Amino acid sequence: MSLADSSAAPLSYTTVAVVSTGAYAEHFIKALLQCKTFSKVRAVTRSPSDTDADADKRKRLAELRALGADIYEYAEGTADAFRRAFDGFEIVVSAVGVSAVLTQMGMIDGAVAAGVKWFLPSEFGVAHYPSRYLPLKGPLDHMVDVQQYLQEKAPASGLAYTIVYTGLAMDYLNPQSIGLIVNKREAVLVGRGGAKVSFTTLADTVKLLIEILRRPAEMQNRTIRYAGSTTNMRELVKLVTGNDRGENVRILSVDEAKARLCELAHKKDVMAFFMYCRILIEEGLAQIDRNPDERLDNGLFPDIKPEHIFETLTRLINASQPGKSPSIGAGADASAETGAQGGAVSSSMASSGKKPVSPAAE
């Protein structure tokens, strides 16, 4: 993918619509509101119901409105609804979760119809590679369908795009989702645990997004790969338990993990998704620069000083001890996690004091 023609791109855009108000989207919106580059920020979200189930969402929308965000609610995620939502906006950032990924095709059509200049699909996680261990169409494969649709529509319509991969965010996900039980200093390891895994915190991903949106001439019509750190599961198991074998470490073979995946999927247990992800991690598919032509773009963002996964995990271990207050993401139940993944950015996250809400809540 080639860079956009810098002579055709404006120096900057000033209006941004973010689809979703879940964990990633909420922090994206707050950071954009604090950034002087952007004069208008809109949160585009499905209309919440009046039930208790949407109480947190209603509160979240009220908070974003009070901070200065424009709120646009829609009833059905049709192309025409998104056209109206995006009218007058130059940039659209999608932050929907896995369950809503296919709605992005309607967003793309709506963005084209509204004259949007730049669309960033909901990625902010791992790239998508064919699996030898699980040769089936999994929940992440729909993201590839959306990318292909976007890349087909973009050239003829003049809609620029950027795809952003950042790996796993352990200040958002519960470590138990990848087998790390930090409060008990225990772990469940699938396979040998030697495959590389890319990590970037949610806090650093927010900083990255702001930097990307400030520099359209450099960042359009390409893929950005950014990893705060890269390690393997065995090293993380050692950090949590003190060793990578022993009584605090349960080891599942890949075949045992596949059997467990089938059992959980049959029960429609949300943990099936995390077992699916653990198998892909063991296969090496959570490294966002695993191929020779997939180099990290960290050098483009020298002002971001990312937190290493060892620092993040140590912080979460310490916070899990009795009497400690967890930081963003540390206290979320693994069953609730079904989504994607500057100084002002960090302070906005630290001051919220909330458990994350999955983007899939949209």
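This text follows the structure it describes.
Residues numbered from 1 in each chain as written. Predicted model: local features only at pLDDT ≥ 70, side-chain atom pairs only at ≥ 80, totals over all residues. Heavy atoms only, no water.

Some points on the environment of Asn174
Mapping Asn174 onto the fold places it in the loop between β6 (160-165) and β7 (180-181). Considered as a pair, Asn174 and Leu316 are 142 residues apart in the sequence and their alpha carbons are 9.4 Å apart. A polar contact is formed between the side chain of Asn174 and the backbone nitrogen of Gln176, at a distance of 2.8 Å. (Helix = DSSP H or I, 4+ residues; strand = E, 2+ residues; numbered from the N terminus. Polar contact = N/O pair within 3.5 Å; in protein donor to acceptor, adjacent residues only side chain to side chain.)

A closer look at the sheet that holds strand β3 (residues 70-74)
Pairing within the open sheet is parallel, and its 7 strands lie in the order β3-β2-β1-β4-β5-β6-β10. Edge strands, defined here as strands with exactly one partner in the open sheet, are β3 and β10 (222-225). The average undirected angle you get between the axes of adjacent strands in this sheet is 20 degrees. Pairing of strand β2 (residues 40-46) with β3 involves 5 bridges; the strand directions are parallel. The residue bridging Arg42 from the neighbouring strand is Asp70, located in β3. Strands β2 and β3 of the sheet are contacted by helix α2 (residues 55-67), whose axis makes an angle of about 145 degrees with β3. (Pairing = 2+ DSSP bridges. Axes fitted to C-alpha atoms, helices over the stretch in contact; angles between N-to-C directions. Contact = heavy atoms within 4.5 Å.)

A closer look at the sheet that holds strand β12 (residues 249-252)
Strand order across the open sheet formed by 3 strands is β7-β8-β12, with mixed pairing between neighbours. This sheet does not close on itself; its edge strands, each paired only once, are β7 and β12. Sheet analysis places β7 next to strand β8 (residues 186-190), joined by 2 bridges and oriented antiparallel. Within the sheet, the bridge partner assigned to Leu180 lies in β8 and is Ala187.

Description of the packing of helix α3 (residues 79-86) against helix α4 (residues 104-114)
Direction vectors running N to C along α3 and α4 enclose 50 degrees, while the axes themselves pass 7 Å from each other. Here α3 lies oblique to α4, going by the angle between them. Crossing of α3 over α4 shows right-handed handedness. From α3, Ala79, Phe82, Arg83 and Phe86 reach across to α4, where they touch Gly106, Met107, Asp109, Gly110, Ala111, Ala113 and Ala114. Classifying every residue of the contact of α3 with α4 by side-chain character gives 7 nonpolar, 2 polar and 2 charged. (Parallel < 35°, antiparallel > 145°, perpendicular 65-115°, else oblique. Left-handed = near helix turned anticlockwise from the far one by under 90°. Nonpolar A, V, L, I, M, F, W, Y, C, P; charged D, E, K, R; others polar.)

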